[in-house]
Amino acid sequence: MRPLVLSLRRRPDQRLDMSPLVPHRLAGKSAAEIGRIALQTTRAPLAVADIFDLRMGNPTHVRIEGSCDRLDQVGAGLTDGELVVEGDVGAQAGRLMTGGRLTIRGHAGPWAGSAMRGGVIEIFRTAGDRLGGPFGGETVGMRGGVIVVRGGAGECVADRMRRGTIVVEGPCGAYAGSRMIAGTLVVLRRAGALPGYLMKRGTIVLGAGSEELSPTFIDCGAHELVAMRLLSDFVRSYSRRAAAGMRGPLRRYAGDMAVLGKGEIFVGNRN
Amino acid sequence: MRALAIRGIRIDDTFAEAFGMRATALIITADSIRWARQAATTMTGFATSVIGCGCEAGIDRELAPKETPDGRPGVRVLLFAVSTAELQKQLQARVGQCVLPSPGSACYSGISAAETLRLGDALRYFGDGWQISKQLGGRRYWRLPVMDGEFVCEATTGLTKAAVGGGNLLIMGRTARATRLAAETAAAAIAAVPDVIAPFPGGIARSGSKVGSKYKGVAASTNDAYCPTLRGAVKTALDDDIDAVLEIVIDGLTSAAVADAMRAGLAALVRLGPKRGALRIGAGNYGGKLGPHHYRLRDLLP
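Below: a short report on this structure. (Residues numbered from 1 in each chain as written. Chains lettered and ligands numbered in written order. Predicted model: local features only at pLDDT ≥ 70, side-chain atom pairs only at ≥ 80, totals over all residues. Heavy atoms only, no water.)

Taken as a whole and assessed by the stated rule, the structure comprises 38 salt bridges over all chains. The residue Arg236(A) makes a salt bridge to Asp233(A) at a minimum N-O spacing of 3.0 Å. Of this pair, Arg236(A) and Asp233(A) both sit in helix α4 (residues 226–236), three residues apart, which is roughly one turn of the helix. With a closest N to O distance of 3.2 Å, Asp224(B) and Lys210(B) form a salt bridge. One end of the pair, Asp224(B), is in the loop between β14 (220–222) and β15 (244–252); the other, Lys210(B), is in strand β13 (residues 209–211), and 14 residues separate them in sequence. Taking relative accessible area as the criterion, Asp224(B) reaches 22% and is therefore assigned partly exposed. The network of salt bridges with common partners includes Arg55(A), Arg63(A), Glu65(A), Glu86(A) and Arg105(A). (Salt bridge = Lys/Arg side-chain N within 4 Å of Asp/Glu carboxyl O. Helix = DSSP H or I, 4+ residues; strand = E, 2+ residues; numbered from the N terminus. Buried < 20%, exposed > 50% of the residue type's maximum accessible area, 1.4 Å probe, protein only.)

Here is the structure:
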């Protein structure tokens, strides 16, 4: 089955809104129709055909080649099928996704996977700030699905997360899991200061600890919990390294006692 | 009634009559197989017959660590009841009173089905507000803080309405001792069949019953036709050379599983032979009008 391929010819003069180029919105369209889809975010009009070379194929599998950080909302609203990006993407990749699979073989900007509800996002290099987080005014961030980042991530990873799983194999910035409502965040390398800032519930696993843990997190001792085995088993198909990092005893800190305090941070022994 | 003999064992030309039941399966794990077995044994105690125990339950088989959701040693348990409501009640009471207290235990659904029973969803209130829900890959688990850490329990378990209860074999021998050896041999063969349990002690019942009694308000009473000491006093079903009878009752998740179990039991009895084991094999029924499932012995012979 040949994928539908869009190759970027040159770096665009303006930021582009890529949200129309997802499988369910391309289904049933001809090459000419796809070429006329408007992508501009300024007053200068810009259609797909103006900046992309299009190779038709089955639109359930879309490939974007030569991508750059000016392409925003890549895979936003994805419902099913697969979208693979060769290169970097701008902000809001996979925002409000409900299903399908988005693969970014490069860096992602801020708000990747913002408020997503389902599906899988895999980012090969790094992700920007507020991975999975909500926009200003939204009360809930990620509500389901899985995000895997092979590199590091910025600040406020999993901000206001409600459900789902985020795995960051590299380090991450300050305030990881800030304001978490529930869900699971795993960071394999060192996290920045104040992880779990104002988290109510939810689970954060820090393979290599953090710069500074808030005093509002209370040490509950080192445990080998059955729940960690289940989590490790679930994560294995996305990240073997993360699965391995959850084996053995982990020190549990309960918090954030500044708010509800029913969340938890597990810290591995690679401190 | 006697139609055939196989390797010297007389096989009654009759059938076992069985009933439709509601059933579920659980996987109970622990840090060691000893404690998984302990939790499962405790939970399936006093569960021999729906008449007096509310449900029939037993261990289906032991599971290797790689067969269980959390990678620890485990045991698969089956529970059977006559109604969904009773099954739900028994499930909640037994897991709550027997598995939850067992050190290091965890409890998961052992059967996937469209319909479900509440498992952790019903027990989570034990956490008194400190319970934690985790949803991983479409399965939801409850974590309840307990004194040795956490009790992990899947939110729901599958419910099957295709289960069958009451498959049986009547094993008749020359002496009580030979009959017991025959019944033990058959019970061991049946225990190896997946998706079935034999709920009586060690899989074996000596107190076969008939419907009704001479006393008012007693629903079932001793099966006098099969009591060797009543030969001559009642219309007996026993021959002169039979001095003991034991029964194996079988519940299965499917009708096919019950048939497989009876087949395995019959094969084991035939292998053991009439000298050391059973002289004659029969089956219990109510004339065929009560239960929808009939298992004719002659169809199940090896």
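Of all hydrophobic cores here, the largest spans 57 residues; its most connected members are Phe52(A), Ile64(A), Leu102(A), Leu131(A) and Ile166(A). With three residues, the top contributor of residues to this core is strand β1 (residues 3–8) of chain A. If sequence neighbours within four positions are ignored, Ile166(A) has contacts with Leu131(A), Met142(A), Ile147(A), Val157(A), Ala158(A), Met161(A), Thr184(A), Leu185(A) and Val186(A). Grouped together as the second largest cluster of nonpolar side chains are 35 residues, Ile11(B), Ala186(B), Ile204(B) and Ile250(B) included. (Core = buried A, V, L, I, M, F, W, Y, C linked by side-chain atoms within 4.5 Å. Contact = heavy atoms within 4.5 Å.)

Okay, the environment of Glu65(A) next. All names here are of chain A. For Glu65, the position within the fold is in strand β4 (residues 58–67). We classify Glu65 as partly exposed; its relative accessible area is 23%. Each C-alpha atom of the pair Glu65 and Leu6 lies 6.1 Å from the other, and the pair is 59 residues apart in sequence. Setting aside its immediate chain neighbours within four residues, Glu65 contacts Val5, Leu6, Ser7, Leu8, Arg55 and Glu86. Engagement of the side chain of Glu65 in a polar contact is seen with the side chain of Arg63, the distance being 3.5 Å. (Polar contact = N/O pair within 3.5 Å; in protein donor to acceptor, adjacent residues only side chain to side chain.)

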